[in-house]
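Chain by chain, the residues:
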Amino acid sequence: MLAQYTRLRCFQLTSEMAGQPAGKIHSMPELPEVETMVRDLEGQMVGRRITGVDLPFAAEVKYPDPLEFRDRVVGRTVNAISRRGKYAAFQLDGADVLIIHRGMTGSLFLRNSSDPQEAHIRVLFRLDDGRELRFNDPRKFGSVLLMERSGLERPLPWLRMGPEPLDDEFDAATLRRALARRTALLKPLLLNQSVVAGLGNIYADEALHLARIHPQRRADTLSTHETKRLHAAIRTVLAEAIAGRGTTFSSYRDYEGREGDFQHRLRVFGRTGAACPRCGTAIIKLVVGGRGTHMCPRCQKV
DNA sequence: CCTGGCACCTGCAAGC
DNA sequence: TGCTTGCAGGTGCCAG
């Protein structure tokens, strides 16, 4: 792992977790946002026992069926919390791991049971300290699963996922091998979790800009030098974002909370028409692989 | 196997 | 003001 990545252990509460009024905070759950969440929750939840489960929207649980899910979760203690790609994994005592993917709009709130419930809670875990872990997911794109951590019961969702971009095993040669025979455009490939884990639309755009590579380049046309730049850019962008506790978008809010601050340091994403931080040219937005894509037309030539 | 396109779902913003 | 329309994007499924 990158040195700064392991050294950055901090356990600040997010505004949501601290129980402040929620306002409208929305963080895009890519790798840095999930990493931030996992570190925060680890400091709060390890050792806690789950005493009950509510399923206001049972379809959020993808496996097993709701009755078995509740049966296997209730009474278990959280031993550790980790991350793989965009998945959070709660290691429970016994054989099972509770897996949560936030989809696009999912958030985890840690609140007192007496706190009023938010509008789109899909799964709620009651804890033995009087608090609740609430999975709020307005658009229902998220998923919750429970299975044996051995993967014998059912393949774990990250079985075919690519390498962790901040691990040592992810080097430039690995990235080059993953891209060398691919004819697809670079941007959609970076969003493909089997190439490298954890990138979403924000950090794919940010990494391509930092590497000065056009998102519509065919993957197999990248030179060795360009691949090295892209590899370094992916790690730099993700490490920076983790240091900033992720990117948080808020359409409106009426208080100063402790949300992530990386949205203020984005180079291209969401900055259509604004100046490229490198050359000053206006950032443009196009659609690549069906996704909004932000880039500098001068720094990122085809 | 790979690629590209679309569906899923809902809140929000833009347009009339 | 209030309605309609389109957009946002992670993932899974489908056809070619």
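Residues numbered from 1 in each chain as written. Chains lettered and ligands numbered in written order. Predicted model: local features only at pLDDT ≥ 70, side-chain atom pairs only at ≥ 80, totals over all residues. Heavy atoms only, no water.

Judged by pairing direction, the sheet is mixed, and its 5 strands sit side by side in the order S3-S10-S6-S5-S4 without closing on themselves. Because the sheet does not close on itself, it has two edges, and the strands there are strand S3 (61–63) and strand S4 (78–84). Each strand axis lies, on average, 25° off the axis of its neighbour in the sheet, ignoring direction. Bridging between strand S5 (residues 87–92) and strand S6 (residues 96–101) involves 5 bridges; their strand directions are antiparallel. Bridge assignment links Gln91 to a residue of S6, and that residue is Val97. Across the sheet, helix H2 (residues 31–45) lies against S4 and S5, angled at about 170° from S4, the strand it touches most. (Pairing = 2+ DSSP bridges. Helix = DSSP H or I, 4+ residues; strand = E, 2+ residues; numbered from the N terminus. Axes fitted to C-alpha atoms, helices over the stretch in contact; angles between N-to-C directions. Contact = heavy atoms within 4.5 Å.)

Our next topic: the environment of Ser223. Along the polypeptide, Ser223 turns up in the loop between helix H6 (201–211) and helix H7 (224–243). Among the residues examined, Ser223 registers a relative accessible area of 30% and is labelled partly exposed. As a C-alpha pair, Ser223 and Ala180 span 43 residues in sequence and 9.5 Å in three-dimensional space. (Buried < 20%, exposed > 50% of the residue type's maximum accessible area, 1.4 Å probe, protein only.)

Our focus in this paragraph is the state of the cysteines. Scanning all chains against the criterion turns up 0 disulfides. Residue Cys276 stays outside any disulfide, its sulfur separated by 3.7 Å from that of Cys296, the closest cysteine. (Disulfide = S-S within 2.5 Å.)

To continue, consider the protein's contact with DNA strand C. The environment of DNA strand C is made up of Lys86, His101, Gly103, Met104, Arg139, Phe141, Gln193, Asn201, Phe269, Lys285, Arg291 and Gly292. Counting only atoms of DNA strand C within 4 Å of the protein, the fraction found in sugar and phosphate groups is 46%. Arg291 has a polar side-chain atom sitting 2.8 Å from a base nitrogen of DNA strand C. Of the residues belonging to the surface near DNA strand C, the class tally is 3 nonpolar, 5 polar and 4 charged. (Near = heavy atom within 4 Å. Polar contact = N/O pair within 3.5 Å; in protein donor to acceptor, adjacent residues only side chain to side chain. Nonpolar A, V, L, I, M, F, W, Y, C, P; charged D, E, K, R; others polar.)

On to the sheet that holds strand S7 (residues 107–112). Pairing is antiparallel across the open sheet formed by 4 strands, whose spatial order is S2-S8-S9-S7. Two strands bound the open sheet, and with one partner strand each, they are strand S2 (50–54) and S7. Neighbour to neighbour, the strand axes of the sheet diverge by 20° on average, direction disregarded. Where strand S8 (residues 121–127) and strand S9 (residues 131–136) come together, 5 bridges link them in antiparallel fashion. What sits directly across from Phe125, in S9, is Leu133. Against the sheet, H2 engages S7, S8 and S9, with an angle of about 25° to S7. Against the sheet, helix H3 (residues 66–73) touches S2 and S8, its axis set at about 165° to S2.

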